[in-house]
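The lines below spell out each chain.
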Amino acid sequence: MRDDHDFGDAERGDSPAIEAVIRAAGDYVVVSDDLRPRTIEAAIERQGLSVTRRRVRWAALGAALFLAVSIPWVRSYDGGGLESVSPTTAEIHRAALRYAAEANITPDWALQKVVDDLRRSQAERLGQSTR
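Because the structure is predicted, anything quoted here is derived from the model rather than measured.

Engineer: Can you walk me through the overall build of the chain in this structure?
Structural biologist: In terms of regular secondary structure, the chain is built from four helices and zero strands. Starting at the N terminus and ending at the C terminus, the chain contains elements arranged as α-α-α-α. Taking contacts inside the chain between residues at least 6 apart in sequence as the whole, the part at least 24 apart equals 18%. Split by element, the accessible area of the chain, about 11,700 Å² in all, is 57% carbon and sulfur.

Have a look at this one:
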């Protein structure tokens, strides 16, 4: 057995010398008195974190499921009997061309007038005030 216990002195494949160094290191390695309590505390904390993560995952899954079900349901809700008061784009353009011919103005100004009238009538139907 060598006195200095240095791996550098052990030749490649000299397993008895390496084993002697490891055995000698056993006298220097001492377990602290609080190792067991710290290990138990760390394990409990890690277990608590995993439980918390599991709960968060279930809550996220529940929220996603709730949104997946409720959004289509809300979209299918008819709004308490309110009907759509918006004409199609084609209807607005036809009304603008008709008004332009009647009032003898350009179609762009007629479109502005038709859209203003439409917004005013929608606001009145919905009970809102116009500005």
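Read on for the rest.
Engineer: Explain the pattern of salt bridges here, please?
Structural biologist: With the rule as written, the count across this model stands at four salt bridges. Where Asp34 meets Arg38, a salt bridge forms, and the shortest distance between an N and an O atom there is 3.4 Å. For Arg38, a relative accessible area of 47% gives the class partly exposed. A salt bridge links Lys113 to Asp117, with the nearest nitrogen and oxygen atoms 3.0 Å apart. You can see Lys113 and its partner Asp117 sitting in helix α4 (residues 107-126), four residues apart, about one turn around the helix. In the salt-bridge network here, residues are joined through shared partners; they are Lys113, Asp117 and Arg120.

Engineer: Would you mind showing me how to read the nonpolar core here?
Structural biologist: The tendency in soluble globular proteins is for nonpolar side chains to be buried as a group. Grouped together as the largest cluster of nonpolar side chains are seven residues: Ile92, Ala95, Ala96, Ala100, Ala110, Val114 and Leu118. Contributing elements (two or more residues each) for this core: α3 (89-103) and α4. Per element, the largest residue contribution to this core is four residues, and it comes from α3.

Conventions adopted
- Residues numbered from 1 in each chain as written.
- Predicted model: local features only at pLDDT ≥ 70, side-chain atom pairs only at ≥ 80, totals over all residues.
- Heavy atoms only, no water.
- Helix = DSSP H or I, 4+ residues; strand = E, 2+ residues; numbered from the N terminus.
- Contact = heavy atoms within 4.5 Å.
- Areas by Shrake-Rupley, 256 points an atom, 1.4 Å probe, with all protein chains shown as cover.
- Salt bridge = Lys/Arg side-chain N within 4 Å of Asp/Glu carboxyl O.
- Buried < 20%, exposed > 50% of the residue type's maximum accessible area, 1.4 Å probe, protein only.
- Core = buried A, V, L, I, M, F, W, Y, C linked by side-chain atoms within 4.5 Å.

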